[in-house]
Protein chains: 2
Amino acid sequence: MPTFKLVVAYDGTGLVGWQRQAAGVSVQGLLEEALGALEGRAVPVAGAGRTDAGVHAIGQVASVSIDRAIDGSALVAAINARLPAAVRVLEAHEVPTTFHARFDARSKTYRYRVWNGAIANPFERQYSWHVPGPPLNVDAMAAAAALLEGRHDFAAMQATGSDAKTTERVVFLSRVHYGNALLRDAALITYEVTGSGFLRHMVRAIAGTLVDVGRGRHLPEDVSAMLASKDRGRAGPTAPAEGLFLVRVDYDHP
Amino acid sequence: MPTFKLVVAYDGTGLVGWQRQAAGVSVQGLLEEALGALEGRAVPVAGAGRTDAGVHAIGQVASVSIDRAIDGSALVAAINARLPAAVRVLEAHEVPTTFHARFDARSKTYRYRVWNGAIANPFERQYSWHVPGPPLNVDAMAAAAALLEGRHDFAAMQATGSDAKTTERVVFLSRVHYGNALLRDAALITYEVTGSGFLRHMVRAIAGTLVDVGRGRHLPEDVSAMLASKDRGRAGPTAPAEGLFLVRVDYDHP
């Protein structure tokens with residue numbers, strides 16, 4: 001019963017997210033149906049991160065145990081043949097049977113994309129948050145982002161009503177990049193964050209806070225006071241799902 | 001009755017193309033409805049290029065005459081408020097009343113995007129042609145593309161059954177670019193072409209021919225013989241619509 005580590009990319013537009021739900025199309029459900037058809041039995045698939053409805057992934061990781069001995073690239077082709085084009089398995093590697101995509105993850109990297117320009121970009125409408133108005137202060141956003149690196153209590157930047165046992169997380173890297181824009185007088189601003197783990201809506205709360213800083217509503221250093229307050233109401237809004245990408249999940253042993 | 005030059009971007013996915021059709025949603029139809037609602041009368045809109053169903057635009061140009069005196073940026077906002085997010089007017093400039101987006105165009109620039117990798121990219125599925133298999137020979141494609149520059153008869157690279165009066169066109173620039181890929185072991189290959197005018201399906205026929213050259217089915221220099229033959233059957237297939245973008249339309253007087 002070999003176990004495989006799958007690397008999965010998906011366009012989350014119109015999906016209910018990673019996790020199987022009572023209604024709607026989920027990535028987990030699609031993978032479980034594809035593998036179930038291959039194996040002729042129910043095949044549970046575990047994902048590294050539970051991306052929300054509308055959130056995308058370039059490098060989600062899933063683990064699955066199947067009955068047959070099969071080559072990784074043959075498994076990729078067999079699963080992809082049973083998936084819609086919005087979801088693709090990029091890689092499949094046989095791993096020790098003890099491997100679990102979620103429990104063994106050492107770090108995850110997310111990217112949040114902001115389209116900052118008066119006019120929305122039709123090609124970015126499902127892949128970024130459109131922030132109109134004057135240009136954001138990207139230097140201030142970068143300074144605020146850097147203050148999030150390290151071990152902090154992120155209670156002020158999680159979904160309200162969450163019941164995580166501990167709200168302390170370690171952020172290894174928290175950086176803002178400034179991209180070239182497809183359209184004139186507009187900019188693509190990208191936030192990338194790598195951490196040991198993330199609370200529910202944490203990256204989107206950080207992104208909403210960074211945009212508030214970019215708008216001049218807060219100074220970069222205010223971010224530290226927000227964290228210390230542990231008060232969700234002090235930080236910025238939860239940025240919309242469509243700007244968020246799960247980029248990578250790293251493990252101690254590949 | 002001021003005349004405006006509009007610059008328009010659209011995600012062509014699910015649209016029937018630029019031109020109003022008996023059924024389906026067209027960009028021209030959307031603009032005419034938005035302007036009709038603003039003006040309280042039927043407002044005809046002329047486009048520089050009739051993009052086909054599924055083809056995208058970053059810089060389509062349209063001309064329209066309206067009754068009211070209005071500032072360009074106010075007109076942009078008023079039209080965009082009445083359009084779906086997939087279509088955006090980027091600019092509106094008042095021009096001489098004799099201006100016509102199509103008849104006055106001096107050159108147009110199109111881009112064709114090819115995703116060359118074993119596994120399709122979910123984020124490129126509506127914006128590129130997925131060409132699986134071994135890496136395309138990009139140098140050969142670039143050499144073939146360069147041979148298309150100049151004045152040529154493009155009868156071999158137009159939609160079959162076209163009734164264009166003349167099939168001679170001038171190509172000012174015809175270049176292949178090699179982009180970095182989002183996913184491993186894959187490449188984004190971009191073809192960009194600027195010309196005085198284009199026959200129906202001409203850019204897509206060129207793209208299909210260049211991919212055939214990249215696959216080694218033809219030598220770069222075979223492209224000249226294809227043109228000389230004036231035989232559509234000699235050139236490559238018509239590449240799919242979703243990889244094509246109308247990038248820019250240029251005029252003698254802005």
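None of the values given here were measured: they were computed from a predicted structure.

## Quick word on the nonpolar core
Argument step 1. Judged by nonpolar contacts, the single largest core of 77 residues is most densely connected at Leu 6, Ile 79, Met 157 and Tyr 191 of chain B.
Argument step 2. The dominant element in this core, judged by the number of residues it contributes, is helix H4 (residues 202-214) of chain B, at eight residues.
Argument step 3. Ignoring anything within four residues of it in the chain, the contact list for Tyr 191 of chain B reads Tyr 110, Arg 111, Tyr 112, Ala 145, Leu 148, Ser 174, Arg 175, Val 176, Val 203, Ile 206 and Leu 210 of chain B.
Argument step 4. With 75 residues, the next largest nonpolar core counts Phe 4, Val 114, Met 157 and Val 211 of chain A among its residues.

## Focus: the confidence of the model for chain A
Argument step 1. Of all residues in chain A, 97% attain a pLDDT of 70 or more, and the chain-wide mean is 94.
Argument step 2. Predicted as a complex, the structure gets a pTM of 0.91 and an ipTM equal to 0.87.

## A closer look at the pairing of strand S8 (residues 168-179) of chain B
Residue and element names in this part refer to chain B.
Argument step 1. Pairing of strand S7 (residues 150-153) with S8 involves four bridges; the strand directions are antiparallel. Looking at the pairing, Gly 150 lines up with Val 171 of S8.
Argument step 2. Where S8 lies against strand S9 (residues 186-195), eight bridges are found, and the strand directions are antiparallel. Of the residues in S9, the one forming a bridge with Val 176 is Tyr 191.

## Description of helix H3 (residues 138-146) of chain B
All names here are of chain B.
Argument step 1. Taken together, the buried positions of H3 are Val 138, Ala 140, Met 141, Ala 144 and Ala 145. Around the axis of H3, the buried residues are gathered within 155° of arc, so they sit on the same side.
Argument step 2. At its buried positions, H3 is contacted by S8, S9, H4 and helix H5 (222-229).
Argument step 3. The backbone nitrogen of Asp 139 lies 3.2 Å from a side-chain oxygen of the residue at the head of H3, namely Asn 137.

## What to know about the packing of aromatic side chains
Argument step 1. One pass over the structure, following the stated rule, counts 10 aromatic pairs over all chains.
Argument step 2. Site record: aromatic cluster; members linked through ring pairs are Phe 123 of chain A together with Tyr 127 and Phe 245 of chain B.

## Side note on the interface of chain B and chain A
Argument step 1. Residue-level contacts link 25 residues of chain B with 25 residues of chain A.
Argument step 2. The contact between chain B and chain A buries some 2000 Å² in all, and 72% of this surface belongs to carbon and sulfur atoms.
Argument step 3. In this assembly, chain B and chain A are joined by two salt bridges.
Argument step 4. Remark: the boundary between chain B and chain A carries two residue pairs in polar contact (both at pLDDT 80 or more).
Argument step 5. Counting only elements with at least two residues in the side of chain B that touches chain A, the list comes to strand S1 (3-10), strand S3 (56-65), helix H2 (72-80) and strand S4 (87-95) of chain B.
Argument step 6. Here the element with the most residues in the side of chain B that touches chain A is S4 of chain B; it accounts for four residues.
Argument step 7. Taken together, the residues of the side of chain B that touches chain A sort by class into 18 nonpolar, two polar and five charged.

The rules behind each value
Sequence order as written defines the numbering, with residues in each chain counted from 1. The lettering of chains begins at A and the numbering of ligands begins at 1, in the order of writing. Where totals are concerned, whole chains, interfaces and linings use all residues; where local detail is concerned, this predicted model gives features only for residues with pLDDT of at least 70, and gives and counts side-chain atom pairs only at 80 or more. Water and hydrogen atoms play no part in the side-chain values, which are based on all heavy atoms of the structure. In plain words, nonpolar cores are sets of buried Ala, Val, Leu, Ile, Met, Phe, Trp, Tyr and Cys residues tied together by side-chain atoms within 4.5 Å. Think of it in three bands: with a 1.4 Å probe and only protein chains considered, a residue is buried below 20% of the maximum accessible area for its type, exposed above 50%, and partly exposed in between. Secondary structure elements are taken from DSSP: a helix is a run of H or I of four residues or more, a strand is a run of E of two residues or more, and numbering for both begins at the N terminus. The criterion used for residue contact is that any of the two residues' heavy atoms lie within 4.5 Å. Residue-level confidence of the predictor, termed pLDDT, takes values from 0 up to 100. We treat two strands as partners when DSSP finds at least two bridges between them. The arc in question is traced by the directions running from the helix axis to the C-beta atoms. Side-chain atoms alone can form a polar contact between residues adjacent in sequence; in general such a contact is a pair of N or O atoms within 3.5 Å, and within protein one must be able to donate a hydrogen while the other accepts it. Two aromatic rings from Phe, Tyr or Trp, using only the six-membered ring of Trp, form a pair when their centres are within 6.5 Å; if the ring planes differ by under 30 degrees the pair is stacked, by over 60 it is edge-to-face, and anything between is tilted. Throughout, the accessible surface (probe 1.4 Å) given up by two parts as they are put together, summed over both, is called the buried area. What counts as a salt bridge is simple: a side-chain nitrogen of Lys or Arg found within 4 Å of a carboxyl oxygen of Asp or Glu. For this classification, Asp, Glu, Lys and Arg are treated as charged, while Ala, Val, Leu, Ile, Met, Phe, Trp, Tyr, Cys and Pro are nonpolar and the rest, including Gly, are polar.

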